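# Structural overview
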Amino acid sequence: MIHVVITNITTDEKGGFSMIASPLAKVYEAYSAVADGRVEMKEDEAYVTSSDYTKKYTVRFLENTYSSNDNATIWQHYAGYPIIAVVLMQGKVAIRKEILSYFKDVNWKQLNTKYKNNYQKAITAFFKEKQIHEDTQNMIEQVMEETFEEFCELSFVIKGNRAKKIMIEDGV
């Protein structure tokens, strides 16, 4: 079952604030970005390469405000996986390093497309493709829930940004 929790504060078109839900599945995607080394941290921004290595997203941050140009953040108005990955890299939410290896080399774009953005089906396929034993799967699911809860407890503003997406040719 996919858990959606009301989390974080975003600005609406009129400059007001609203609460938006982020799917738990975005934590799985963020963990993969961290595991693959796809998060390039700078002083006040980061570049997060997509799981299919075709795009780089720009995440900007200042104090408790984060913006990203990924589709979830811009169009769905919740923190997409690039923001969650940056928060993990900043140490604001703990990374459980003992499970990172399970998240290496997962093409979430391909899984989400295959399952028409049914995140639970994509997560189930991830566990199956990685041949993860049921006990380990249960532990990973528990860690993802805990990470998600920690993330949801943070108080910050989420915005989309209009930085041009960097297209990566030939996986470079």
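None of the values given here were measured: they were computed from a predicted structure.

The next subject is the packing of aromatic side chains. Under the definition given, this model contains 12 aromatic pairs. Aromatic side chains Phe103 and Phe126 sit 5.3 Å apart centroid to centroid with 25° between the ring planes, which places their arrangement in the stacked category. Here Phe103 is found in the loop between helix H3 (81-89) and helix H4 (108-114), whereas its partner Phe126 is found in helix H5 (residues 119-129), with 23 residues between them in sequence. Assessed through its relative accessible area of 0%, Phe103 is described here as buried. Overall, Phe126 belongs to the buried group, its relative accessible area being 1%. Following the ring pairs from residue to residue traces out a cluster consisting of Tyr28, Tyr31, Phe103, Trp108, Phe126 and Phe127. Lying over the aromatic face of Tyr53, Arg38 brings its terminal NZ or CZ to 5.9 Å of the ring centre. Over the ring of Trp75 we find Arg162; its NZ or CZ atom is 5.5 Å from the centre of that ring.

Let us look at the packing of helix H1 (residues 25-35) against H3. The angle between the axes and the distance between the axes are what describe a pair of packed helices. Following both chains from N to C, one finds H1 and H3 inclined at 60°, their axes separated by 8 Å at the closest point. It follows from the interaxial angle that H1 and H3 lie oblique. The handedness of the crossing between H1 and H3 comes out as right-handed. Across the interface between the two elements, Lys26, Val27, Glu29, Ala30, Tyr31, Ala33 and Val34 of H1 pack against Tyr81, Ile84, Ala85, Leu88 and Met89 of H3. A class-by-class count of the residues in the contact of H1 with H3 yields 10 nonpolar, no polar and 2 charged.

In the Ramachandran plot, Tyr53 falls in the positive-phi region, its phi being about 60° despite a non-glycine side chain. Mapped onto the secondary structure, Tyr53 falls in the loop between strand S4 (45-49) and strand S5 (55-62). Taking the relative accessible area as the measure of exposure, Tyr53 reaches 32% and is therefore partly exposed. The residue Lys116 is not glycine, and still its phi comes out positive at about 50°. Within the secondary structure layout, Lys116 lies in the loop between H4 and H5.

Parameters at a glance
Residues numbered from 1 in each chain as written. Predicted model: local features only at pLDDT ≥ 70, side-chain atom pairs only at ≥ 80, totals over all residues. Heavy atoms only, no water. Phe/Tyr/Trp six-rings, centres within 6.5 Å; stacked < 30°, edge-to-face > 60°. Helix = DSSP H or I, 4+ residues; strand = E, 2+ residues; numbered from the N terminus. Buried < 20%, exposed > 50% of the residue type's maximum accessible area, 1.4 Å probe, protein only. Lys NZ or Arg CZ within 6 Å of the ring centre and 35° of its normal. Axes fitted to C-alpha atoms, helices over the stretch in contact; angles between N-to-C directions. Parallel < 35°, antiparallel > 145°, perpendicular 65-115°, else oblique. Left-handed = near helix turned anticlockwise from the far one by under 90°. Contact = heavy atoms within 4.5 Å. Nonpolar A, V, L, I, M, F, W, Y, C, P; charged D, E, K, R; others polar.

Structural measurements only, silent on function.
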